[in-house]
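# Overview (structure and organization)
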Amino acid sequence: MTGFNDQVIEEFRQNKGKLGGMFEGWELILLTTTGAKSGKRRTNPLGYLEIDGKTVVVASNMGAPKHPGWYHNIRHDQRVTIETGTESYEAIAAVPPSAERDVLFEKIVAEEPGFAEYQAKTTRVLPVVILHRIDDRVRGMGDFLVEVHEWLREELKTLRAGVDDIVAGRADSLVMENSLRAHCVSFCEALTKHHSGEDMGAFPMLAQRFPALAPALTKLGEEHAVVAESQKRIRALVEGYVHGESDPVRLRDDFEALAGRLETHFAYEEETVVAALNVTAPAPDFG
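Residues numbered from 1 in each chain as written. Predicted model: local features only at pLDDT ≥ 70, side-chain atom pairs only at ≥ 80, totals over all residues. Heavy atoms only, no water.

### With respect to the overall build of the protein chain
In terms of helices and strands, the protein chain carries eight helices and seven strands. For 287 residues, the compact-globule estimate of 2.2 N^0.38 gives 19 Å, and the protein chain exceeds it by more than 25% at 25 Å. Overall, the C-alpha framework of the protein chain stretches about 85 × 40 × 35 Å when taken along its three principal axes. Relative to its 287 residues, the protein chain shows a buried fraction of 43%. In the protein chain, the proportion of contacts linking residues at least 24 apart, taken out of those at least 6 apart, comes to 71%. Counting every atom, the protein chain has about 15500 Å² of accessible surface; 53% of that belongs to carbon and sulfur. (Helix = DSSP H or I, 4+ residues; strand = E, 2+ residues; numbered from the N terminus. Rg over C-alpha atoms; globule rule 2.2 N^0.38 Å. Buried < 20%, exposed > 50% of the residue type's maximum accessible area, 1.4 Å probe, protein only. Contact = heavy atoms within 4.5 Å. Areas by Shrake-Rupley, 256 points an atom, 1.4 Å probe, with all protein chains shown as cover.)

### A closer look at the pairing of strand E1 (residues 28-34)
Summarising burial for E1: seven of the seven residues are buried, a large majority. Residues Leu28, Leu30, Thr32 and Thr34 point to one face of E1 and Ile29, Leu31 and Thr33 to the other, with burial holding for every one of them. Two strands pair when backbone bridges link them, and E1 and strand E2 (residues 41-47) are joined in this way by seven bridges, in the antiparallel orientation. Directly across from Leu30, in E2, lies its bridge partner Pro45. The loop that links E1 with its antiparallel partner E2 comprises six residues; one of these, Gly39, has a positive phi angle of about 75 degrees. (Pairing = 2+ DSSP bridges.)

### Side note on helix H8 (residues 248-280)
If you check H8, its first and last C-alpha atoms are 44 Å apart, about what 33 residues at 1.5 Å a residue would give, namely 48 Å. The largest bend in H8 is about 50 degrees, located at Val273. (Expected span 1.5 Å × (residues − 1). Bend = angle between axes of the 7 residues up to and from the residue.)

### A look at the side chain of Asn44
The topology assignment puts Asn44 in strand E2. Residue Asn44 is classed as buried on the basis of its relative accessible area, which comes to 19%. In this structure Asn44 touches Asn5, Ile29, Leu30, Leu31 and Trp70, once residues within four positions along its chain are discounted.

### A look at the sheet that holds strand E4 (residues 54-58)
Ordered by their spatial adjacency, seven strands build an open sheet running E2-E1-E5-E6-E7-E4-E3, and the pairing between neighbours is antiparallel. The open sheet has two free edges, formed respectively by E2 and strand E3 (49-51), since each of these has just one partner strand. Ignoring strand direction, the axes of neighbouring strands in this sheet form an average angle of 40 degrees. Here E4 pairs with strand E7 (residues 128-133) via four bridges, running antiparallel. For Val58, the partnering residue across the bridge sits in E7 and is Val128. (Axes fitted to C-alpha atoms, helices over the stretch in contact; angles between N-to-C directions.)

### Here's the deal with the pairing of strand E6 (residues 88-94)
Along E6, five of the seven residues are buried, which leaves the element largely enclosed by surrounding structure. Sheet topology note: the strand E5 (residues 79-83)/E6 ladder contains five bridges and is antiparallel. Across the sheet, Ile82 pairs through a bridge with Tyr89, a residue of E6. Connecting E5 to the antiparallel partner E6 that follows it, the hairpin turn spans four residues, and Gly85 within it adopts a positive phi of roughly 105 degrees. The sheet contact formed by E6 and E7 spans four bridges and is antiparallel. Bridge pairing in E7 places Ile92 opposite His132.

### Some thoughts on the environment of Glu11
Within the secondary structure, Glu11 sits in helix H1 (residues 2-14). Glu11 has contacts with Lys18, Leu19 and Gly20, leaving out every residue within four places of it along the chain.

Put into structure tokens, the structure is as follows:
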């Protein structure tokens, strides 16, 4: 089969997506995935459909009892490359929830009845996969996430500067104490709300649609718990400082530790989930 696939791929690329013989007139793409075990790039010619403006493929394997290799690959790494014959672009492969999958499959069968025959041959539910093109021109929820991170970074920077002023004796104590307390409460509440929204909304949605992200999402959720404990400690230290019970140097050191922990967390989150969020949901419009 590999030799046959190689011939189809070569003909596809040489003739800008046009194929003859048994594939003449078919709508095909080349899907390149990363091997789940080998880590090598694997290319497969696949029939595709445009359903409700979405590019979809079916892991039919012609009704065989096992899923095709490319489907296992996208469950390990959702990043793929699509070739149409006239262009090549990067995309993210999403597995829709069962209810959405069923609706899509009905529409697929209405256009290509052969997929119903493949489904009848096997007891497994044929997976439907949506291929979301990564388009930098469209502002999505991932971009909004980065903006929230930038705001939180600036707020934390301001808090750290205030603590530095207290340690160095550069500020009026009473004014600075009240400002620090209010600012700390505001920052911690904003960060808690941000992480709670991810834990209850964004992360479960991403885990369902992009199985390959599950380990990263689990790690991010665990980091949320660690950050929450750091926040509690800092708020306690701020209250203790206001009442003359905490050492400002210790408070500064804890702020530095939280800042380092958050920067590592934000950077990892931006690296792993921004692209998936961007293709899944638009950024909120506050205009």
